[in-house]
Amino acid sequence: MIEFKNVYKKYENNNNTAINDLNLQIKDGDFFVLVGPSGSGKTTTLKMINRLIKQTSGEITIDGKNIDDFNLQEMRLQMGYVLQNIALFPNMTIEDNITIQPESLKWSKEKRHQVAWDLLEKVGLDPDKYAKRLPNELSGGEQQRVGIVRALASNPKIVLMDEPFSALDPISRNQLQELVLKLHAEMNMTFVFVTHDMNEAVRLGNTIAIMRLGHLEQIGTRDEIVHNPKNNF
Ligand code: ADP
Ligand code: ADP
């Protein structure tokens, strides 16, 4: 479980309190969605989980252990990260892009090949067709599938996703939403997904946290959120 206890984050450069007494728990294996308007603190929250950003005060724990007490490299290996604009290395094949992380570089050539092949198949990209291509030979939606594969390649326990589909056309977005639901059902992982789109949140999330001005406005299961008359579904 990931837990935030009375977490505050103040950005020193503009004195902005981005996170204001955040308390939340993310259970193992959950599909947890953080949703809210731009500037409500979603990205800051996500980045505090993998220590790209450090909180100003309060405590963040994973399985009861303070995240500052983990070895940073080992902790990051347990966390995949998918961004809106994944930057694939333009001069590297898709296969090499997938197995470029420090962990997978330790693997044998055969194992890297196997992992890339298996995962490409899992996300609906025929490896015989795609593995040897360069990124610019793929559509935006296909590149984003590769971004997801790359995040999953080290078999992490937690996958953090920050607006991964917001740059895609509606058809690709729809397909990718279906894909992450399938992956979550098949793989034993915790997904933490950030979006500003309430429809996307409700489609994907088992637990939905609505953020506003750096704290939680509501949190609940999909049913609780959908049936809350305040939310106008
Ligand atoms: P989004 O969350 O919509 O993708 P960003 O994360 O880039 O957009 O920015 C969200 C908000 O954070 C914006 O209002 C932006 O002005 C502000 N912001 C981002 N980076 C900085 C920064 N380094 N200094 C000050 N404000 C920033
Ligand atoms: P969201 O992801 O919900 O759009 P963010 O976490 O990006 O929200 O931003 C939360 C608040 O923190 C916003 O007011 C934003 O302007 C501010 N902020 C984000 N990044 C920075 C930064 N690097 N420096 C200063 N302020 C920032």
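As the structure is a computational prediction, the values presented were derived from the model and not from experiment.

Q: Which parts of the structure should I look at to understand the site of ligand 2?
A: If you check the shell around ligand 2, you find 13 residues, and the closest are G39, G41, K42, T43 and T44. Interatomic distance of 3.5 Å between a side-chain N/O atom of Y11 and a nitrogen atom of ligand 2. Between ligand 2 and the protein, one listed contact pairs a nitrogen atom with a side-chain N or O atom of N14 at 3.2 Å. Burial of ligand 2 by the protein amounts to 67% of the accessible area it has alone, namely 560 Å². Breaking the shell around ligand 2 down by element, the ones donating at least two residues are strand 2 (16-26) and helix 1 (42-49). Tallying contributions element by element places helix 1 first for the shell around ligand 2, with three residues.

Q: Just to check I follow, could you spell out the environment of K65 for this structure?
A: Its location among the elements puts K65 in strand 5 (residues 65-66). Considered as a pair, K65 and R203 are 138 residues apart in the sequence and their alpha carbons are 32 Å apart. Among all residues touching K65, those that are not within four sequence positions of it are I60 and F70.

Q: What is the right way to look at the packing of helix 7 (residues 140-152) against helix 8 (residues 170-186) in this model?
A: Angle between the axes and distance between the axes: these two values describe a pair of packed helices. Running from N to C, helix 7 and helix 8 point in directions that differ by 20°, and their axes come no closer than 10 Å. One way to sum up the angle between helix 7 and helix 8 is to call them roughly parallel. For helix 7 against helix 8, the interelement crossing comes out right-handed. On helix 8, the residues that touch G141, Q144, R145, I148 and L152 of helix 7 are S172, Q175, L176, L179, V180 and L183.

Q: Where do I start with the site of ligand 1 in this structure?
A: Around ligand 1, the structure places N13, N14 and S38. S38 is positioned such that a nitrogen or oxygen atom in its side chain is 3.3 Å from an oxygen atom of ligand 1. Here ligand 1, which alone exposes 550 Å², has 24% of that area covered by the protein.

Q: I would appreciate a short explanation of the nonpolar core in the present structure.
A: Nonpolar side chains in soluble globular proteins tend to end up buried together. With 43 residues, the main nonpolar core has I98, I148, L152, V180, L183 and F191 as its most contacted residues. In contact with V180, not counting residues within four places along its chain, are F31, I148, M161, F165, F191 and L204. Judged by nonpolar contacts, the second largest core, of 25 residues, contains I19, I60, M75 and M211.

Q: I tried to follow the sheet that holds strand 5 on my own but got confused; where do I start?
A: The strands making up a sheet associate through hydrogen bonds between their backbones, and the pairing can be parallel or antiparallel. Strand order across the open sheet formed by four strands is 2-1-4-5, with antiparallel pairing between neighbours. Each edge of the open sheet is held by one strand with a lone partner, namely strand 2 and strand 5. With eight bridges connecting them, strand 1 (residues 2-11) and strand 2 associate as antiparallel partners. Bridged to Y11 within strand 2 is N16. Helix 1 contacts strand 1, strand 2 and strand 4 (57-62) of the sheet and is inclined by roughly 120° relative to strand 1.

Parameters at a glance
Residues numbered from 1 in each chain as written. Chains lettered and ligands numbered in written order. Predicted model: local features only at pLDDT ≥ 70, side-chain atom pairs only at ≥ 80, totals over all residues. Heavy atoms only, no water. Near = heavy atom within 4 Å. Polar contact = N/O pair within 3.5 Å; in protein donor to acceptor, adjacent residues only side chain to side chain. Areas by Shrake-Rupley, 256 points an atom, 1.4 Å probe, with all protein chains shown as cover. Helix = DSSP H or I, 4+ residues; strand = E, 2+ residues; numbered from the N terminus. Contact = heavy atoms within 4.5 Å. Axes fitted to C-alpha atoms, helices over the stretch in contact; angles between N-to-C directions. Parallel < 35°, antiparallel > 145°, perpendicular 65-115°, else oblique. Left-handed = near helix turned anticlockwise from the far one by under 90°. Core = buried A, V, L, I, M, F, W, Y, C linked by side-chain atoms within 4.5 Å. Buried < 20%, exposed > 50% of the residue type's maximum accessible area, 1.4 Å probe, protein only. Pairing = 2+ DSSP bridges.

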